[in-house]
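Residue strings, one per chain:
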Amino acid sequence: MLAASLITACGGSEDAAPDQPAPPAQPAPPSAPAAHLIVDTGSAAPVAGGTLTLKAVVLGADGQELKGATFAWTSSDESVAIVIAASDKEPAASAVAPSGAYATVRTLAAGTADISATATLPDGSTVTSVARLNVSESPAKSYTLTLAPALLTISAGGAAQTVIATVRRSDGVDGVADLTQWSWSSDDTSFVVTMAAGGNSADVASPASATTAGAGTLTACATAPSGARLCANAALARSVAPPPTYTVGGAVSGLATGKSLMLSDSNGDVLAVSGNGAFTLPTARADATAYALSVSGHPAGQTCTVARGAGTIAAANVTNVAVECVQAQFVVLPDGSASGVYVYRVNPVSGALAPVPGSPFAVAGAIRDIAFSPSGATGYALTASAVVPYSLDPATGAMTALPAYAFPIADRYSIAANPLGNTLHVGGYGSVDFVGLKADGMPDRVVHSVVDPFASDPMTGIAVSADGLRSYAVGWMTGRILQIQFDPATAIVGFVDAVATPGGVPSRIALAPDGTRLYTANTMTNTVGTHTLNPASGTITGSQTSTTGSVPSDITLAPSGKFAYTYNQGSFNIRVYQLDAITGLPISSRSTRVGYRGERLAFDGTGKYLYAPALVGGIRGYAVSQTTGDLTELPGSPYTSGTGARALAIVQPRP
């Protein structure tokens, strides 16, 4: 947001004539009110070929908006950005002269352009403000062209068979409509190729006169928007006695509107599916052919699994393959030795973890903690002295580091994202900093800091209420819990109280799903603290402790609120507590021997699986009994990871 101000004033009087008495002094006319013009660019990050809306407001010296002004808009470089419309109503979409409080700007090319707004006030004075736009190039898209089937067997004199070109665009959608100038050909004239009207498919046949077996290569080419020529091949084979063939298919369910997935078959078929309902692979197969379907491209924000997808054709069409798509979940595990961020896709049926392509991803230093925005689009990795944002691709799970926000002083230990999406809560040394977030999710600045007036020790754990209005931070050395309130309307943070925990030396903190209790893992006293909260104010009204294993490093609650779990480094176990439905106190406990040390626990969004990384490397997954809370290690666990992991997050990007 840029602003310019203009201040004008006037006043004075004439001398009386020497032969006449001086007229009574007249009060000077009031000076013109100081005014300044503000141009709001919003969260614009313009790229060439787009549009954005700017808004101009004139404020008086008292901070109130001055009415009645008229506005004119100009651009310093119309080869980069041009004002195409303006209006006093939002949005500015009509093709009128560029005047009005709202201006629509079209970006034409990469570069810098200053958009000037000049306001003419009712008294005739003017005030001007300039908004600078840095326009970047529109990112180019890439395309992958494949043919299905990759091997086509044709019978001489038999019916023509269809080959389909599949185009996958780099942003995860079907790109076939982007390609033009299709061509199809065969290097053997005994295979007759007829291109379909749309260009992205062709029929291949062989005349009855071709009485011998043969082979050839089918080639399809098309031109991408960049002008590049893309080509793909399929193998052709001819048999003289065509066997009967059968299709393989089924149904897709749960696919989000506007999304698509890719199915692949072990025989070379590839199929893009853009809606729920029945599907059939493009190639019919001979009897006794084995098949195995898999999801080769997941839709953004979803994970799709295949049931009954493998078998052998038994002289009949296969119609019972089931593909189900659900909310995607990714386990994100930064390596404590700064060698990378490991990202895994959670199998919603088995809970098994599969590394996403490209994992581990580069990091900017040893990460102490990590949190994600409510949308799951942005991760915030905390080092000792900075917040490093990462973008997460909702289709692939790939993470890309963005420009970091550095604190002036080091010693940051924990981080949590406010569910309202406007701030990060960062635990430091005896304090909690509230870092504001821009509209694009990037950290902006520390808007408030809350300092414990009675202690200055590391804040190693932060819990934020589901409504985003309260947060709780634990001080590791003094065993105190900071209680903080946050006003989302005014962005005012208030220190409420700091309460000493009866167990002492808490390392981590967890908030019950219903917001009525806090739980702490008290490291040095080997206890779990249960803290009752006032339902109206959120303040702690009472605390009790329960025995746990040796050196508890973390505590988490099942999404159902029925069970609590501690990770006990000293006794090498995870202990589960059944919680009283009324008081929230542990009423029974059991432990699962894990044989390794670790620092973090995290549930998936369904509450069916619990994940725990080991400091020596590897992350283990457990199936959770919904009746007893007991843990059973998943097949394939432990899953490969780096060493020294001290942070863990499970993120669910929106579809």
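Further up the page is the structure itself.
This text gives an overview of the structure that appears in the document. Since we're looking at a predicted model, the values are computed, not measured.

## Details of the state of the cysteines
No. 1: Inspection of the entire model under this criterion finds two disulfides.
No. 2: The disulfide partner of Cys-221 is Cys-231, and the gap between their sulfur atoms is 2.0 Å. With the S-S bond torsion at 110°, the cross-link from Cys-221 to Cys-231 turns out right-handed. Taken together, the residues Cys-221 in strand β15 (residues 214–223) and Cys-231 in strand β16 (residues 229–239) connect sequence positions 10 residues apart.
No. 3: Assessed through its relative accessible area of 11%, Cys-221 is described here as buried.
No. 4: The disulfide that involves Cys-304 links it to Cys-325, with 2.1 Å between the sulfurs. Negative torsions about the S-S bond denote left-handed disulfides, and the value of about 105° found for Cys-304 with Cys-325 makes this one right-handed.

## Some points on the nonpolar core
No. 1: Core analysis: the largest hydrophobic core is formed by 28 residues, its most contacted members being Leu-37, Val-58, Phe-71, Trp-73, Val-105 and Ile-115.
No. 2: At the level of elements, β2 (35–40), β3 (51–60), β4 (70–75), β5 (81–87), β6 (102–107), β7 (111–120) and β8 (126–135) are the ones that each hand at least two residues to this core.
No. 3: Core analysis: the next-biggest nonpolar cluster, separate from the first, contains 22 residues, Leu-145, Leu-147, Ala-224 and Leu-230 among them.

## A few points about the packing of aromatic side chains
For any pair of aromatic rings, the description consists of the separation of the ring centres together with the inter-plane angle of the planes.
No. 1: For the coordinates displayed, the defined rule picks out four aromatic pairs.
No. 2: Here Tyr-405 and Phe-407 contribute two aromatic rings whose centre-to-centre distance is 5.3 Å and whose plane-to-plane angle is 80°, an arrangement assigned as edge-to-face.
No. 3: On the basis of relative accessible area, Tyr-405 is assigned to the buried category, the value being 16%.
No. 4: Classification of Phe-407 as buried rests on a relative accessible area of 6%.
No. 5: An angle of 40° between the planes, with centres 6.3 Å apart, marks the rings of Tyr-413 and Tyr-429 as tilted. Here Tyr-413 is found in the loop between β34 (405–406) and β35 (414–417), whereas its partner Tyr-429 is found in the loop between β36 (423–427) and β37 (431–437), with 16 residues between them in sequence.
No. 6: Its relative accessible area of 45% is what places Tyr-429 among the partly exposed residues.
No. 7: A cation over an aromatic ring shows up here: Arg-412 above the ring of Phe-407, its NZ or CZ 4.1 Å from the ring centre.

## Observations concerning the layout of surface pockets
No. 1: Space inside the largest pocket adds up to approximately 1,600 Å³.
No. 2: Lining the largest pocket are 49 residues, with Ile-462, Val-464, Leu-511, Thr-556 and Ile-650 sitting closest to its centre.
No. 3: Going through the elements one at a time, β30 (369–372), β35, β39 (459–464), β40 (470–475), β43 (506–511), β47 (552–557), β51 (602–603) and β55 (649–651) are the ones with two or more residues in the lining of the largest pocket.
No. 4: In the lining of the largest pocket, the residues fall into 31 nonpolar, 10 polar and eight charged.
No. 5: Counted as a void, the second largest pocket has a volume near 690 Å³.
No. 6: Lining the second largest pocket are 33 residues, with Gly-297, His-298, Arg-345, Ala-395 and Thr-396 positioned closest to its centre.
No. 7: Looking at the lining of the second largest pocket, the elements with two or more residues in it are β11 (161–169), β23 (290–297), β24 (302–307), β28 (341–346) and β29 (353–355).
No. 8: Residue classes in the lining of the second largest pocket are distributed as 16 nonpolar, 11 polar and six charged.

## Some points on the sheet that holds β15
No. 1: Judged by pairing direction, the sheet is mixed, and its four strands sit side by side in the order β10-β16-β15-β12 without closing on themselves. The sheet terminates laterally at β10 (151–155) and β12 (180–186), the two strands that pair on one side only. Taking each pair of neighbouring strands and ignoring which way they run, the sheet shows an average axis angle of 25°.
No. 2: Pairing of β10 with β16 involves five bridges; the strand directions are parallel. Bridged to Ser-155 within β16 is Ser-239.

## Examining the sheet that holds strand β26 (residues 318–327)
No. 1: Pairing within the open sheet is mixed, and its four strands lie in the order β21-β18-β26-β24. Whereas interior strands pair on both sides, the edge strands pair on one side only; in this sheet they are β21 (277–280) and β24. The mean inter-strand angle of the sheet, taken between neighbouring strand axes irrespective of direction, is 25°.

## Comments concerning the side chain of Thr-548
No. 1: With respect to the secondary-structure elements, Thr-548 resides in the loop between β46 (540–547) and β47.
No. 2: Relative accessible area serves as the criterion here: at 7%, Thr-548 is assigned to the buried category.
No. 3: Within the structure, Thr-548 has its side chain in polar contact with the side chain of Tyr-577 (distance 2.6 Å).
No. 4: In this structure, Thr-548 is in contact with Asn-526, Thr-527, Val-528, Thr-566, Asn-568, Arg-575 and Tyr-577, ignoring residues within four places of it in sequence.

## Examining the environment of Ala-602
No. 1: On the secondary structure map, Ala-602 appears in strand β51.
No. 2: Taking the C-alpha atoms as reference, Ala-602 lies 8.7 Å from Leu-557; in sequence the two are 45 residues apart.
No. 3: If we ignore the near neighbours within four places in the chain, the residues touching Ala-602 are Tyr-609, Leu-610, Tyr-611, Leu-648 and Ile-650.

## A closer look at the pairing of β8
No. 1: Side chains Val-127, Ser-129, Ala-131, Leu-133 and Val-135 project from β8 onto a buried face, and the interleaved Thr-126, Thr-128, Val-130, Arg-132 and Asn-134 project onto a face without burial.
No. 2: Across 10 bridges, β7 lies against β8 in antiparallel orientation. Looking at β8, one finds that Thr-118 is bridged to Thr-128.
No. 3: Following β7, the chain reverses through five residues before pairing antiparallel with β8; Gly-124 in that reversal takes a positive phi of roughly 95°.

## Some words on unusual backbone geometry
No. 1: Cis rather than trans, the peptide bond between Ala-148 and Pro-149 has omega equal to 5°.
No. 2: Structurally, Pro-149 is set in the loop between β9 (143–148) and β10.
No. 3: Following Ser-637, the chain continues to Pro-638 via a peptide bond in cis, the omega torsion being 5°.
No. 4: Notably, Arg-308 is not glycine yet its phi reads approximately 55°, a positive angle.

## Some words on the environment of Ala-564
No. 1: Inspection of the secondary structure assignment puts Ala-564 in strand β48 (residues 563–568).
No. 2: For the pair Ala-564 and Ala-510, spaced 54 residues apart in sequence, the C-alpha separation works out to 9.3 Å.
No. 3: Ignoring sequence-local partners within four residues, the contact set of Ala-564 consists of Thr-556, Leu-557, Arg-575, Val-576, Tyr-577 and Leu-579.

## Looking at the pairing of β6
No. 1: Among the six residues that make up β6, five are buried, leaving the element largely enclosed by the rest of the structure.
No. 2: Bridge count for β3 against β6 is five bridges, and the pairing is antiparallel. The residue bridging Lys-55 from the neighbouring strand is Tyr-102, located in β6.

## Remarks on the side chain of Asp-114
No. 1: For Asp-114, the location among the structural elements is in strand β7.
No. 2: Within the structure, the side chain of Asp-114 is placed 2.7 Å from the side chain of Arg-132, a separation counted as a polar contact.
No. 3: Among residues more than four places away in sequence, those in contact with Asp-114 are Thr-74, Ser-75, Ser-76, Val-130, Ala-131 and Arg-132.

What counts and what doesn't
- Residues numbered from 1 in each chain as written.
- Predicted model: local features only at pLDDT ≥ 70, side-chain atom pairs only at ≥ 80, totals over all residues.
- Heavy atoms only, no water.
- Disulfide = S-S within 2.5 Å.
- Helix = DSSP H or I, 4+ residues; strand = E, 2+ residues; numbered from the N terminus.
- Buried < 20%, exposed > 50% of the residue type's maximum accessible area, 1.4 Å probe, protein only.
- Core = buried A, V, L, I, M, F, W, Y, C linked by side-chain atoms within 4.5 Å.
- Phe/Tyr/Trp six-rings, centres within 6.5 Å; stacked < 30°, edge-to-face > 60°.
- Lys NZ or Arg CZ within 6 Å of the ring centre and 35° of its normal.
- 1 Å grid on protein atoms, 1.4 Å probe; cavity = no way out; pocket = protein on both sides within 12 Å on 5 of 7 lines; lining within 4 Å.
- Points joined across faces, edges and corners; volume = space filled by probe spheres on them.
- Nonpolar A, V, L, I, M, F, W, Y, C, P; charged D, E, K, R; others polar.
- Pairing = 2+ DSSP bridges.
- Axes fitted to C-alpha atoms, helices over the stretch in contact; angles between N-to-C directions.
- Polar contact = N/O pair within 3.5 Å; in protein donor to acceptor, adjacent residues only side chain to side chain.
- Contact = heavy atoms within 4.5 Å.

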